[in-house]
Amino acid sequence: MTTPFAAPKGVPDYFPPNSAAFTAVRSALLGATARAGYGYIELPVFEDTALFARGVGESTDVVSKEMYTFTDRGGRSITLRPEGTAGVMRAVIEHGLDRGQLPVKLAYAAQFFRAEQPQAGRYRQFHQVGVEAIGVDDPALDAEVIAIADEGFRALGLTGYRLELTSLGDATCRPQYREKLQAFLAKLPLDEDTRRRAEINPLRVLDDKRPEVRELVAEAPLMLDNLSPETLEHYERVKAHLGDLGVKYVENPRMVRGLDYYTKTTFEFVHDGLGAQSGIGGGGRYDGLMAQLGGQELSGVGFGLGVDRALLACQVEGLAVGDATRCDVYGVPLGDAARSRLVGIGAPLRAAGVRYDMAYGGKGLKGAMKGADRSGARFALVLGERDIEAGVAQLKELATGEQREVPLADVVTEVRRALER
RNA sequence: GUGGGUGUAGCUCAGUCGGUAGAGCACUGGGUUGUGAUCCCAGGUGUCGCGGGUUCAAGUCCCGUCACUCACCCCA
């Protein structure tokens, strides 16, 4: 039971057969981005610590206490990426990707790291599929981004989630609202912790889970009621475009974001079957981020979708995702001559696109047939001395038990024909 | 950082009043010398997380410790 090594705390291992579902979820989410014209970007797992401090926000919990940060041999402070957007912005600025036609549309599937206390659906290494659309402040683009995420989840067959939507205002109306909210909160009989939170990020107080606090803030002013005319117009158009796209949503004016860079449109996909960690994806607009990181004054909008949590959601909903079978045809040799023939046949079969595996290790016939069964293969290809002399092989369909002889010379063609039926 | 729960076979878990190791699945072999899954038979399944204590005797009770897990804080 006790093994010499165990995985570091809070990191998931995905292995067969369930890893097939993991990769299927990731592919489904990434596939939705590719169908909307997003190009794939692969970035380093670690970056200069200052990039995240500046991009994500010094005052956020992510930066202040939840990053994996270390000093490399050159004395530089390095951090394992806690989220995707800052790194993408860095690459866009560094390589001048924003000098061509806008928007720049980029997608990624990557792993991220946060040194949080793990719990159900919250890992220290987690996987996200994300997009960033940079350089055009068009409400239609916000709507497209949201619709892509929704398509990804729907492609998996998920139904038990909802889309929550709000607007966080912009650089002009948010500071005004923030003051207004803080003035309101200052008059309430709040405990010390909550008062401190009200100073750092007053929006969080609105999302407090405690009933007594909820009651106190029930009448608090909301950002949605204090948007500037321009921001309100932007938000209304996003909602209209979501209608055009047939995406359903509910407004949640008390939504909380942990990252400082969000502006205007903000959204979250919430699944109710996952326990306390109910968010399966989220994102929004971040109009000041590029400039903050030393780039042009360009707007941006994007999302991050949790692959781990989407997988959990699929399991909760009982969805069969991905194909866990390892091969289509499984070779069962009887004797060394047959073994050589079946080894050799692997090359042309695989070249023809057939997934082929066989019994290795000198197993008996019974063991080899069992291997065929466990592999999930549709056919077993049985070959013995008698068959070789006759110039044939036995092709057995495992589900039905039906077996027929095929000419050894035409095995590839015969197998492909059989698989097409 | 704080609180609860759980640690027994590879996996999922039983284990009564403290009395000397259990089930299912999986795995291996056989029933079938050239046929899997189904069925029958046989078989390893083991530091009962680790350390200490109480006791004639501890998986069981007590203390400590570690790990996992759920939740709080916070959050994709």
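Here's a quick rundown of the structure.

What counts as what
- Residues numbered from 1 in each chain as written.
- Chains lettered and ligands numbered in written order.
- Predicted model: local features only at pLDDT ≥ 70, side-chain atom pairs only at ≥ 80, totals over all residues.
- Heavy atoms only, no water.
- Axes fitted to C-alpha atoms, helices over the stretch in contact; angles between N-to-C directions.
- Helix = DSSP H or I, 4+ residues; strand = E, 2+ residues; numbered from the N terminus.
- Parallel < 35°, antiparallel > 145°, perpendicular 65-115°, else oblique.
- Left-handed = near helix turned anticlockwise from the far one by under 90°.
- Contact = heavy atoms within 4.5 Å.
- Nonpolar A, V, L, I, M, F, W, Y, C, P; charged D, E, K, R; others polar.
- Phe/Tyr/Trp six-rings, centres within 6.5 Å; stacked < 30°, edge-to-face > 60°.
- Buried < 20%, exposed > 50% of the residue type's maximum accessible area, 1.4 Å probe, protein only.
- Lys NZ or Arg CZ within 6 Å of the ring centre and 35° of its normal.
- Arc of directions from axis to C-beta.

**Structural notes on the packing of helix α6 (residues 173–186) against helix α7 (residues 192–200)**
- Direction vectors running N to C along α6 and α7 enclose 165°, while the axes themselves pass 10 Å from each other. Considered as vectors, α6 and α7 are oriented roughly antiparallel to each other. Every pair of crossing elements has a handedness; the one defined by α6 and α7 is left-handed. Each of Arg-178, Gln-182, Leu-185 and Ala-186 in α6 lies in contact with α7, whose residues at this interface are Arg-195, Ala-198, Glu-199 and Ile-200.
- Of the residues in the contact of α6 with α7, the class split is four nonpolar, one polar and three charged.

**Comments concerning the packing of aromatic side chains**
- Enumeration over the complete set of coordinates arrives at nine aromatic pairs.
- For the pair Tyr-161 and Phe-269, a centre-to-centre distance of 6.0 Å together with 55° between the ring planes defines the contact as tilted. With Tyr-161 in strand β7 (residues 161–167) and Phe-269 in strand β9 (residues 263–271), the pair connects residues that are 108 residues apart, well separated along the chain.
- Residue class for Phe-269 comes out buried when judged on its relative accessible area of 0%.
- Taken together, the ring pairs in this structure connect Phe-153, Tyr-161, Phe-267 and Phe-269 into an aromatic cluster.
- For Arg-81, the ring lying beneath its charged end belongs to Phe-112, and the centroid distance is 5.1 Å.

**A short note on helix α14 (residues 365–375)**
- Listing the buried residues of α14 in full gives Ala-368, Gly-371, Ala-372 and Ser-375. Buried residues of α14 fall within an arc of 100° about the axis and therefore sit on the same side. Away from its buried face by more than 90 degrees, α14 exposes Lys-366 and Arg-374.
- For α14, the elements touching its buried residues are β12 (329–333) and β14 (379–383).
- Of the residues flanking the end of α14, it is Gly-376, one or two places downstream, whose phi is positive at about 85°.

Function cannot be inferred from these measures alone, as they are strictly geometric.
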